[in-house]
Amino acid sequence: MKNWHNETIGNKAVDALTKNEFDAVYFATTKEAAAFIMEHVKPGTTVGFGGSMTIDSMAIQDQVKAAGGKVIDHGAAGLTMEERIATAREELVSDLFLCSSNAITLDGLLVNIDGMGNRVSAMTFGPKKVVIVVSTDKICRDEKAAFERLESIAAPMNNKRLDMPNPCTRTGSCMNCQAKTRICRVYSVMRKKPMVTDITVVVVGESAGY
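Presented here is a report on the structure given in the accompanying data block.

Cut-offs used in this document
- Residues numbered from 1 in each chain as written.
- Predicted model: local features only at pLDDT ≥ 70, side-chain atom pairs only at ≥ 80, totals over all residues.
- Heavy atoms only, no water.
- Helix = DSSP H or I, 4+ residues; strand = E, 2+ residues; numbered from the N terminus.
- Rg over C-alpha atoms; globule rule 2.2 N^0.38 Å.
- Buried < 20%, exposed > 50% of the residue type's maximum accessible area, 1.4 Å probe, protein only.
- Contact = heavy atoms within 4.5 Å.
- Lys, Arg positive; Asp, Glu negative; His and termini not counted.
- Charge placed at Lys NZ, Arg CZ, Asp CG, Glu CD.
- Pairing = 2+ DSSP bridges.
- Axes fitted to C-alpha atoms, helices over the stretch in contact; angles between N-to-C directions.
- Polar contact = N/O pair within 3.5 Å; in protein donor to acceptor, adjacent residues only side chain to side chain.
- Core = buried A, V, L, I, M, F, W, Y, C linked by side-chain atoms within 4.5 Å.

1. Overview of the overall build of the chain
The helix and strand inventory of the chain stands at eight helices and ten strands. In terms of overall size, the chain behaves like a compact globule, its C-alpha atoms giving a radius of gyration of 16 Å where 210 residues would be expected to give roughly 17 Å. C-alpha extents for the chain along the principal axes are approximately 45 × 45 × 30 Å. Burial analysis of the chain (210 residues in total) assigns 49% to the buried set. Partitioning the contacts of the chain with sequence separation of at least 6, the portion at a separation of at least 24 is 74%. Charge-centre separation for the chain: the mean point of 25 positive side chains lies 4 Å from the mean point of 24 negative side chains.

2. Details of the sheet that holds strand β1 (residues 23–27)
Sheets are built from strands paired through backbone hydrogen bonds, the pairs being either parallel or antiparallel. Within the open sheet, the six strands sit side by side as β1-β10-β7-β4-β2-β3. Their pairing is parallel. Two strands lie at the open edges of the sheet, namely β1 and β3 (70–73), each paired on one side alone. Strand-to-strand twist in this sheet, taken as the mean axis angle between neighbours without regard to direction, amounts to 20 degrees. Taken together, the four bridges between strand β2 (residues 46–49) and β3 define a ladder with parallel strand orientation. Within β3, the residue paired with T46 across the bridge is K70.

3. What about the sheet that holds strand β5 (residues 103–105)?
Across the sheet, which stays open at both edges, the four strands sit in the order β8-β5-β6-β9 with mixed pairing between neighbours. Pairing within the sheet leaves two strands with one partner each, and these edge strands are β8 (139–140) and β9 (186–190). Here strand β6 (residues 110–114) runs beside β9; their pairing, made up of five bridges, is antiparallel. Within the sheet, the bridge partner assigned to L110 lies in β9 and is M190.

4. Structural notes on the pairing of strand β4 (residues 96–99)
The alternating pattern of β4 places L96 and L98 and F97 and C99 on opposite faces, both of which are buried. Relative to β4, β2 runs parallel, the two being bridged by three bridges. Looking at the pairing, G48 lines up with F97 of β4. Bridge analysis of β4 against strand β7 (residues 129–135) gives four bridges, and the strand direction is parallel. Looking across to β7, one finds that F97 is bridged to V130.

5. Quick word on the side chain of S100
By secondary structure assignment, the location of S100 is in the loop between β4 and β5. S100 sits in the buried class, given a relative accessible area of 5%. Of note is the side chain of S100, whose polar atom sits 2.6 Å from the backbone oxygen of V133. Looking at S100, its side chain comes within polar contact range of the side chain of K138, at 3.0 Å. Among residues more than four places away in sequence, those in contact with S100 are S52, T54, N112, R119, M123, I132, V133, V134 and K138.

6. A word on the nonpolar core
Membership of the largest hydrophobic core comes to 21 residues, with the highest contact counts inside it found for L110, I132, V201 and V203. Counting only elements with at least two residues in this core, the list comes to α1 (2–19), β1, β4, α6 (118–124), β7 and β10 (199–204). Counting residues per element, this core draws most heavily on α1, which supplies four residues. Ignoring any residue separated from it by four or fewer positions in sequence, one finds I132 in contact with C99, S100, S101, L110, M123, I199, T200, V201 and V202. Among the nonpolar cores identified, the runner-up in size contains 19 residues, and A33, F49, I55 and V64 belong to it.

7. Overview of helix α2 (residues 30–38)
Residues of α2 that are buried: T30, A33, A34, F36, I37 and M38. In the core, the buried residues of α2 are packed alongside β1, α3 (53–56), α4 (60–66), β4, β7 and β10.

Here you go:
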């Protein structure tokens, strides 16, 4: 029954995204989604990673390396802040940029929240190809519900993951804090596909990320 529901709302989101000029496709599993992504990776392909837990769960980086691609990941262990920023800039001009979206809506909007803004920048312009993988868990009825999801799920969970000393890590929901360590700084709503960016939104019926 759950598979039926995920497929039904997943394909409804795909139809809405398509009407908003995005390329969009539904897969039941992250394994199928990973196989689709790897169709875009050739020897020498530079692949940027946008810090997505959804993408991380798919073990794509190992597959990219095995295929002869070059991984560009600002979240790689051991990087200084200066190195992270420099790497994030490299991601902006990668051949293929992989990320997720914090929420999508049943009328085909992509809603996101960022700290540095590097992910939403790369999603909209720069890389030759962008693939956004989103589980059906992130599908919301409308834009208002999407922002509610950001505040109640995505923001606090990302703050907790990054061990940030912000109020949401204690309350479990956004407090619109004014802390210097606040990571919720850049908000983005993509209503239509950006004019010159090749984007595919992959909706997956399997739970992944948050």
